[in-house]
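Chain by chain, the residues:
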Amino acid sequence: MVIPTLMYFMFSPMLVVLTGLLAERTGQPKLRDVVAVIVSALGVVFVWTLYNALQAAPDKILVFSLGGGPPLGASFEIDMMGIFMAFSATILGFFATVYSYNYMEYDTRLTEYYTLLSALVVGMMGVAFAGDFFTLFIFWEMMGIASYALVSFRKDLWGPIEAGFKYMVMGSVGSTVLFFGIALVYGITGTLNFAQISTVIHGQPMNLWYYLIFALFIIGFGVKTAIVPMHTWLPDAHPEAPSPVSAMLSGILIETGLYALTRVLFLLFEPSFFKLTIAVFAALTMTLGNMMALRQDDVKRMLAYSSIAQVGYMLIGISTGLTYGLMGTLLHVLNHSLMKGLAFLSIGSIVYETGTRDINKLQGVGKMMPFTTLAVIVSFLGLGGVPGINGFISKFILFNAALGAGMLILAILGVLNSALSMAYYLRVIIVLLSGEAEEGMTAKEAPILMVGVTLVMAVLIIVLGLYPNPVVGIASSASEALIDNISKYIGVILS
Amino acid sequence: MSPLEIIMEYPWPWLSWMIPVVGAVLIPVLGKIDHKLRDYGAVFFAALAAVAAASMIPSLLSGHTHGDIRLLTWITFPNGAPLEIGVLVDPLSIIISNVVAFISFLIVVYSVGYMHGDPNLDRFWFFFLFFIGNMLLLVLSNNLLQTLIGWEGVGLCSYGLIGYYYRDAKERWLGGPPPTKMFPPSHCGMKAFVVTGVGDVFILGAIFIIFNYAGTLNYHDLIQTAPEWLPKMASVPGLVALTAILFLGGPIGKSAQFPLHEWLPEAMAGPTSVSALIHAATMVKAGVYLVARMSPVFYIGTWFLHIAEAQWYFIAIALVGAFTCFLAASQALVSVELKKILAYSTVSQIGYMMLGLGLSGFSEEAYIAGLTAGIFHLASHALFKAALFLCAGSVIHALESIYIFNMGGLKKHMPKTYLLMLLATISLSGIPPFSGFWSKDAVFLSALVAGTPLAMGLLAVGVICAAMTFAYSIRFISKTFLHEESEYIHDMEKHGHHVHEAPTVMWGPIAILVGLFIIIGLLGLVGLVSPSLSPEIFIEERLHHAVEHILPYEVAEALHVPHIGAGTKITGALLSFVALAVGGFLGYNFYWTRKWDSWAWVQANGLRKSIHTFLWNRWYMNSTFYAIFVYGLIDFGKGLFNTLESLFFDKITAFVSDSTIAFGRVLHVFETKVYDPALNVGIPTAFIQGGRVLKVFENRVYDPALNVGIPTAFIWGGEALFNDLETNVFDRGLNEGIPATATGLYHHVKKLQTGVLSYNIIYIILVFLILILGFMSRQIWR
Amino acid sequence: MDATIWLGSALALFAIGLYCVSKRNMIRILLGVEMILNAGNLAFIYFATQHAAMGVVDPLGQSIVFMSIVTGGCVVAVGLALIVNAYKHFKTTDSRELRRLKW
C-alpha cells in the first residue's frame, strides 16, 4: 500500500505535465484538465488506502525508507496525524482542481498551472508524511516553489508580480532560515531522522544552541504559517492569486506550515519550553488578523486577514501543550481548510461573474447568484463560529482547552476575537443579501462545475457541523499519535 | 439499539422538530409547482408538528415521561463525557413544546389569510417553518449545545422575518410619527440580531466555564453531577456568581429583558403574524425556558451545597425581571403604535415570568411555586398575547396604519375582532376568572411564599405593574375600538376604502386561542372547589415530578411542595384586586369614558410633562445605546482614543520605526566601517552605490522622522494629557469602545505595515533577535 | 578553534545574507537569499566532517547540501523570472516600488 502512494508522490506532476504537452500537441486541451482532475481524485483515494493500511498496521504507524535505512535514507513516517493533514490537503486539492476546470478556462499556459497545482498537493503530502528533516525540507521547498509560481501565475498584471515577489522573498528567507536551523540540529545530533534526533535531544538541558534552533524554526515555519509579525506577505499574496490557488494557500498551505511547526516543536522540546512564546504569538496573531480584517473593502483581502486570525486560534491549541488542545488544532485545520477553501472558491465565483472584489459593489448579487451566495453564507457563518456549523465545534474545543490549561486570558481573548470577527463576516453577508444591485451590475449564476463544487463543500461543512463525531474521533487519535508516535517511531526505527 | 430503533420507539419528540425543518426545505420546491399547494403545504407541516407534539400529552397526563433519550454520540470530548444527540422529554419540555407547536399551527393558518398575495411567500414560509423546527429543537434538546443550535436558528429566522420587507418601503418604517426617529425594517432586523448576539456571547462564555468544570453539557448529567462539580467551581471565589450572570446574559438578550430589551419594540417591523408568533408567543420565551431548565443546578448550589454565590442566579434574574416589568409597562402607557404597545406589554409580562423564576430561589420552599408561576404565566401569556397580536394584525390589515390615533370607533366596523380583542385584553389585565389572573396571581403567591424582605419589595413592584397593565390595556382598547372614528378613517371612507371585518381564516384561529384561555381561566375557577382540575396545581405537580426526576436522589428527597394556606391565597388575590382597582379607576376615567383629558393633565404641570417626555423617549435608553454603541463610534470615535494614541500607540509606532532605523544604522555602520574596507579590493561598485542610496534615503526620510516627528509627538502627547483629559476622558469616556480602539489600531498597524519588502524582512530579523534575547535573559535570571 | 572559524563564518554569512535581503535592489535580495542558504550549506559541510565515521565524511550532510543547492537554484530561477517580468512591464528593479498593494 505504501509503494503506490509513493509512486503517486513522484509521478503525479509528471503525469500531468506529459499529458498536458500531449494534449496541446494533439489539439485536445480539455484532456489535460480531465487528467488533472483524475490525478487529484486519485490523491484522495490513495490517502484513503493509506488510512486503511494504517488501521491494519500493528502499531498504527507505517515507516518506509528510500535508499537504505536511517540515518542515511530518506524515510516516510505515516501516522494518523500525517494522514489527517494529507487528507485535508488532497480533498481541498481535488475541489480546487475541479473548480479550476471552469475558472481558468480562458487562461493560457494551463499545463504549467495544473502541474504546479499537483506539485503543491504532492509537496504538502510529503511534508505531512516526512520522517526526517531531509524529506521535510525537500517537500517543503517543492511546496514553496510551486506556490510562488502559482501566486504570480497571471504574470501580465502588476498585482500578482508584486505579491509573488514579496511572497517569494519572504518565503525563501523562511525556508533558508529553516535550513540553517536544520544544519544546527544536524550538528548537535549527527542525524536527520526524527526518531534518532528525539532520542538524543529530548530532555536535554537547554543551552544557547537550542534557543537559536528554536528561534530559527519559529521563523522558518512561521513565515509560511503567517504568524504575526511575519505575516506581511499573506494579505498581498492570497488576494492576488487565482481563486482556486487562494483557496489552497489559505485553506491548507499555511496549516501545513503549522503542522510542521507542531511536529518539530513536540519532537525537539518539552511543551513547557515553548508554551508561553506560542501563546503570545497566538494572541498577537488572532487579534491583529481580526482587527485588520474589520476595515477591508477588498473581500479577498478580508478573507486573507481572516486566515491569519484563524491561524491564531490554531496556535492556541499548540500553546496548551495538551492532547486535547492539539486535537482542537487539528480539527480546526480540517474545518478551516473546508470553510476557507469554500469561502475563497465561492467568493471567486462572484469575482469571476462580477469582475470586482470591492465589498461595497456587491450589493444585490445574492439574488443573481443564489447558490453561490448560499455557499458564501455557510462558509462565513462557519468561520464566525455559529453553532451547527463545523467551525463552532473546533473553536469550542480550542477555547475550552485554553481554559483547561489555565490560560484564562487566552481563552477570553479568543472568545472576544471570535465575537469581533462576526462583524466583518456579517457585513459581507448583509451586503450580498440586501439592497438593489448597482447600475450596470449584472451577473448570472456561475458555471455548473464551480457551483457544484461550492455546494458539495457547503453540504460537507454542514454535515460535519451537525455530526462531527467521526472526525473528532480521528482528530483525537491523530493528536494522541503526535505525543505517542515518537516513541513508536523510535521503536520501529531502532528495531 | 440502532438509532432508527430508538427513534421508532418513541418518535413524537423527534418528529415534531424534524417535520417543520423538512417542510421548510420542501417549501421552495412546492412553490415552484403551485402557490396554493405551497401555502397549504406549510399549514400541513405545521399541523403535523402540532399533532406530533400533542402525542406527547398522554405521557404528561399519566406522569410517565420518557426522560432523557439519547440517540447517538455526537462528539466525544476526550476530557469529558461523550455528548449525545437526543431529546429530553419531561413535563417542562412537553408543556412548552405543545404551547409552541399549537400556537404556531394557528398562526400559520392565520398567515395564509394575512399574507395573501405577497410576492415573496417562499421566503416567508421557509423562515416560518424553519423557525418552528428550530424552536422545538431548542425546547426538546437534551444538551446545551443542541439547544444553542436551535437558539441560533431561531435568531436567524427572527432576523430574516423582521427584515422581511427588506426593500424598506417608507410605509413599512417603524417609529415616529415624525419628528421622532424612524427606522427601516432591515435596520430593525440587524438591531435584533446584534443585540441578541451580545447576549449569546455571554452565554457562550458561561457554557465554556461550565463545561470546563462539569465535563459534560447534557442537562441530565449536568444536574446529576452538580454536587461534584459545583464545589470545584466554588473554590474560585466569584466564579459561580460570574457564571450565573454570564449565563443569564443569553436569556436576557433573547427574552428582551433590561438592559438588552431595546430590540423587541423595533422587531415589530416584520409582518404581524411574525410578531405574534416569534416576538410574543414563542421565541422570546426561549430565555424563560432556559432559565427554568438550568435552575436545578443553582438550586442544588444554593440549598444543598450552601454556596451563597449560586443564589445570585435567582436574585439577578428576579431583579432584572421586576425592573423590566416596570420599565416596559411605563413605556406602554405613552406609546402610540398599536403593535409597539403590545411589544412593551410582552416585555413587561416576560418580566413577570423572570420574576417568578427568580423568586423560586429566594427560599427553599418557594422553588416549585416560583417555577410554576413562571411556566404557567408563560403558557397563558402565549395564548392571550398571540390572540392580541393577531387582532392587532387584523386591525392594521384593515386600516393600513400602525398608529392608534388613526383608529377609534372600530367597534361597529369590526365587531368580531373587537370582542376577541376585548377578551384577550381582559385576560392580559388580569381580571378574574381569565387565565391572566391566575398566572399573575401565581407570581404574587410565589413572592409571598418566598417571604424574604427583598421578595416583598419585588412583590410591591409587581403589584404596581399590574395596575399599570390594566391602565394601558384600557387605553389601547379604548383608542382603537371606542368613541368616534378618527379623521384618518373618515378620509378612508371618503376615498371608497371600506373598513372591513377580517375573513374567517383570520378570526377563526384567534377565536380558538381565546376559547383556550377562557377554558383555562374557568378551570382555574373550578379549581378553587376541586383542586384536581386547577391548571396551576396541575402544572405544579408536573413540574415537581420533572424536577424530582432530574435532581440527584439525595436532593430530590429534601424537595417538597409547600402547602399554600388560604390566608396567603387571599392576600395574593387581594393584592391583585387592589392593583385592578387603582389601574381601573385611572384607566376608566382617562380613557374608557374620557371624562378626564389625559393630554391636558400631562400638559398642566412641568413635572408631568417631563415625565411624559422621559417615557416617550423610552427612558432615553434607546438613544443612549445608539449614542454609545452606534453614533458614538462613528462620530466621536477619536475622542478618548486620541489621548490613548498620543500616550501609547504613537510610542509603539515610534519605538518600532525607531528600532528599525537603528538596526538599519548598525548594519550600515557595519558595512561602511568593517565590511567595506575589509573587502575593498574586490567590491563591485554596486555595493557602494547601495550604501549611498541608503544614506540619501536616511537623510531625506529617516532623520526628519526621528528628529522632528518624535519630539512633536511627545509635546503633543503632553498637551493632550492636560487639555484633553477632561473633555475626552470624562465627557466622552463612554463613547470609547472596542471598535474605536480596533479602528485606531488598524490604522497604526497599517502605518507599520508599509508594504515595503525590506521592512518586512527587518521585522523578521527583529523577531529573531527578540526570541534569542528573551530566552537568554530568562536563562540568566534563573 | 576549527569550530569557531567555520561556524563563525557560517553565522557571519547568515547575518550578511539577512542584511542583503533587507536591501532595495531585487537582484541583491535574491543574492541575499542565496547567501543565507549557503550559510546553511557551509554549516552542514562542517558538521559532516565532524560526524565522519571511519575516515569518511558523513554522506548525509553532503547529500542534503546537494539537494539544497538544487532547490536553491529553483528558487533563484523563479525569483529571476519574476524580476524579469517586473522589469519588462514596469521598468524597475527597485523593491521599494513594490508598495502598491498596501491594504
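Rules behind the numbers
Residues numbered from 1 in each chain as written. Chains lettered and ligands numbered in written order. Predicted model: local features only at pLDDT ≥ 70, side-chain atom pairs only at ≥ 80, totals over all residues. Heavy atoms only, no water. Helix = DSSP H or I, 4+ residues; strand = E, 2+ residues; numbered from the N terminus. Buried < 20%, exposed > 50% of the residue type's maximum accessible area, 1.4 Å probe, protein only. Contact = heavy atoms within 4.5 Å. Areas by Shrake-Rupley, 256 points an atom, 1.4 Å probe, with all protein chains shown as cover. Salt bridge = Lys/Arg side-chain N within 4 Å of Asp/Glu carboxyl O. Core = buried A, V, L, I, M, F, W, Y, C linked by side-chain atoms within 4.5 Å. Domains from an automatic or database assignment. Buried area = accessible area lost by both parts, 1.4 Å probe. Polar contact = N/O pair within 3.5 Å; in protein donor to acceptor, adjacent residues only side chain to side chain. Nonpolar A, V, L, I, M, F, W, Y, C, P; charged D, E, K, R; others polar. Pairing = 2+ DSSP bridges.

### Description of the overall build of chain C
Along chain C, the regular secondary structure elements total three helices and zero strands. Traced from its N-terminal end to its C-terminal end, chain C shows the element sequence α-α-α. For chain C, with 103 residues in total, the buried portion stands at 49%. Residue pairs at least 24 apart in sequence account for 58% of intrachain contacts in chain C once pairs closer than 6 positions are excluded. Accessible surface for chain C amounts to roughly 4700 Å². Of this, 69% is attributable to carbon and sulfur atoms.

### Some thoughts on the pattern of salt bridges
What the rule picks out here adds up to 18 salt bridges over all chains. Notably, a salt bridge pairs R357 of chain A with D298 of chain A, separated by 2.9 Å at the nearest N-O pair. Of the two residues, R357 of chain A sits in the loop between α13 (323–354) and α14 (365–368) while D298 of chain A sits in the loop between α11 (271–294) and α12 (299–320), which places them 59 residues apart along the sequence. In this structure R357 of chain A comes out as partly exposed when scored by relative accessible area, which is 24%. The partner of D221 of chain B in a salt bridge is R70 of chain B, and the shortest N-O contact between them spans 2.9 Å. Placement of D221 of chain B in helix α9 (residues 219–224) and of R70 of chain B in strand β1 (residues 67–75) is noted, with a sequence separation of 151 residues between them. We classify D221 of chain B as buried; its relative accessible area is 18%. Overlapping salt bridges, with partners in common, bring together E24, K30, R32, D33 and E105 of chain A in one network.

### Focus: the nonpolar core
One finds F133, F217, L268 and F380 of chain A together with I103, F128 and F476 of chain B to be the most contacted residues of the largest nonpolar core, which totals 477 residues. For this core, the leading source of residues is helix α17 (residues 366–399) of chain B, giving 22 residues. Split by domain, this core shows at least three residues from each of two domains, domain 1 (3–596) and domain 3 (639–781) of chain B. In this structure F476 of chain B touches L338, I341, L342, L388, M421, T425 and L428 of chain B, once residues within four positions along its chain are discounted.

### Focus: helix α13 (residues 272–281) of chain B
Most of α13 of chain B is tucked away: 10 of the 10 residues are buried. Listing the buried residues of α13 of chain B in full gives T272, S273, V274, S275, A276, L277, I278, H279, A280 and A281 of chain B.

### So, the interface of chain A and chain B
Facing the 59 residues of chain A at the interface are 49 residues of chain B. The junction of chain A with chain B conceals about 4700 Å² of combined surface from both sides, 77% of it contributed by carbon and sulfur atoms. The interface formed by chain A and chain B includes zero salt bridges. Joining chain A to chain B, the criterion identifies zero residue pairs in polar contact (both at pLDDT 80 or more). Ranked by residues supplied to the side of chain A that touches chain B, first place goes to helix α8 (residues 208–225) of chain A with nine residues. Grouping the amino acids of the side of chain A that touches chain B by side-chain chemistry returns 44 nonpolar, 11 polar and four charged.

### Quick word on the pairing of strand β2 (residues 74–78) of chain A
Both faces of the sheet carry side chains from a regular strand, because those side chains alternate between them. Residue and element names in this part refer to chain A. For β2, a buried count of five out of five residues is recorded, marking the element as mostly surrounded by other parts of the structure. On β2, burial covers both faces: A74, F76 and I78 on one face and S75 and E77 on the other are all buried. In the sheet, strand β1 (residues 62–66) pairs with β2 via five bridges, with the strands oriented antiparallel. Across the sheet, the residue bridging to L66 is A74, located in β2.

All we've got here are geometric facts, nothing functional implied.
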